Amino acid sequence: MATGSVSGAAVRGCTHPRGCHTGDLPVLASATVGARFWLLIEHSGPWASHLEDCRLPEDVHTLIKRAMHLGIRPQLIRRPGRRNPYGTGIHVMVADSTAAQPWLAESVLAGPDDLDMDALVAGVVPESCILVSEPVFLVCTHAKRNACCARIGLPLARTLAEILPDRVWETSHVGGDRYAANLVCLPHGLYYGSMSQAAAIAAADAYRSGEVILDRFRGRAGIPEPLQAAEHFVRSHTGELSVGGVAVESSRSDGDTTEAFVRGSDARFRVVVEPMTLTTPCGTACADTITTYRLVTLDRLAPVRYATSALT
């Protein structure tokens, strides 16, 4: 089975700029900003373009509506290559990606009232759920949202599932169709895009070891894009690849420019980034414009030293 990048010819009818699906264009700082909390609901499909238009049991629609009202990101999931329903009840997983220690939990619900979503947004594992120790990998295969996701995502999901059985799921739209195939690693909400099969295997192996790979790394969901960029540039500068090894402590924006103070590799950095627009190989004929971020300044700060005042 081929493990190289997907060629343009493999995605007939694709209107995305050339290089989006091959890793030739940058994908950094493009993870979904609003995804802090997650609700994954197993449903074999079919999936309409938007979740609210899917033919779903009323209980599932109720869960989706409640989740969206509370700012929880709902996703439909299904096993790669398998369309058999889970069985009785509603199989769900919930995750908090931005907690100090991100977590993932699982349950089979008799009905929507069995899931305490208020607890989830408070950062507490709902009583009906059991914590899961192994990560989950989502591959977007949402054909009705964008054909590229299915054409590239389906074979990737099936290959990854052969290596990591029971940890890989096809999922509905995760954001960033132009970067298909998209891979999301939970519970931390790490996004990868333009994934080949080899790149996806490498990213999954790294995450299971508590690390990220910067190649094709879109960023960490739930934080603003400029801060994703700041974290990326600190990782690139320091070589710090541990999942929790880099984090923005504070930031401020002045117009398009963002200044962030970032902790990484036992040091602190002042990082200034600003957006930039790429000229793609296909020029103005492309349907999309690629916007990314450039590094303006990255300064290592002197260590903070705390002194105790003498008592008088």
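In what follows, the structure referred to is the one given above.
Residues numbered from 1 in each chain as written. Predicted model: local features only at pLDDT ≥ 70, side-chain atom pairs only at ≥ 80, totals over all residues. Heavy atoms only, no water.

### Brief notes about the pattern of salt bridges
- All told, the structure shown has ten salt bridges when counted by the stated rule.
- Ionic pairing is found between aspartate 166 and arginine 79, a salt bridge with its closest N-O pair at 3.9 Å. You can see aspartate 166 sitting in the loop between helix 3 (147-163) and strand 7 (168-171) and its partner arginine 79 sitting in the loop between strand 2 (72-78) and strand 3 (90-96), a full 87 residues away along the chain.
- Classification of aspartate 166 as exposed rests on a relative accessible area of 51%.
- Since its relative accessible area comes to 13%, arginine 79 is described here as buried.
- Put simply, arginine 220 and glutamate 231 hold a salt bridge, and the shortest N to O gap is 2.5 Å. Highlighted residues: arginine 220 in strand 10 (residues 217-220) and glutamate 231 in helix 5 (residues 225-238), separated in sequence by eleven residues. Neither arginine 220 nor glutamate 231 differs from the other in exposure class; each is buried.
- What you see here is one network of salt bridges that share partners, running through Arg252, Glu259, Arg270 and Asp299. (Salt bridge = Lys/Arg side-chain N within 4 Å of Asp/Glu carboxyl O. Helix = DSSP H or I, 4+ residues; strand = E, 2+ residues; numbered from the N terminus. Buried < 20%, exposed > 50% of the residue type's maximum accessible area, 1.4 Å probe, protein only.)

### Here's the deal with the sheet that holds strand 13 (residues 267-277)
- The four strands lie next to each other as 11-12-13-14, forming an open sheet whose pairing is antiparallel. Taken across any chain shown, the strands that pair with only one partner, and hence form the sheet edges, are strand 11 (246-254) and strand 14 (291-300). Pairs of neighbouring strands in the sheet enclose a mean axial angle of 25°, with direction left out of account.
- Summarising the sheet, strand 11 and strand 12 (residues 257-264) pair through eight bridges and their orientation is antiparallel. In the strand pairing of strand 12, valine 246 is matched with glycine 264. (Pairing = 2+ DSSP bridges. Axes fitted to C-alpha atoms, helices over the stretch in contact; angles between N-to-C directions.)

### Digging into the nonpolar core
- Core analysis: the largest hydrophobic core is formed by 44 residues, its most contacted members being Trp38, Phe137, Leu183 and Met195.
- Counting residues per element, the ones that place at least two in this core are strand 1 (37-42), strand 3, strand 6 (136-140), helix 3, strand 7, strand 8 (183-186), strand 9 (190-192) and helix 4 (197-208).
- Ranked by residues supplied to this core, first place goes to helix 3 with seven residues.
- The residues contacting phenylalanine 137, other than those within four sequence positions of it, are Leu160, Leu164, Arg167, Val168, Trp169, Leu183, Val184, Cys185, Ala204, Tyr207 and Arg208. (Core = buried A, V, L, I, M, F, W, Y, C linked by side-chain atoms within 4.5 Å. Contact = heavy atoms within 4.5 Å.)

### Considering the sheet that holds strand 8
- What the ten strands build is an open sheet, ordered 5-4-3-1-2-7-6-8-9-10; its pairing is mixed. Single-partner strands in this sheet number two, and they are strand 5 (130-131) and strand 10.
- Looking at chain direction, strand 9 and strand 10 are connected through three bridges and run antiparallel. What sits directly across from leucine 190, in strand 10, is arginine 220.
- Running at roughly 145° to strand 2, helix 1 (residues 58-69) makes contact with strand 1, strand 2, strand 3 and strand 4 (103-109) of the sheet.

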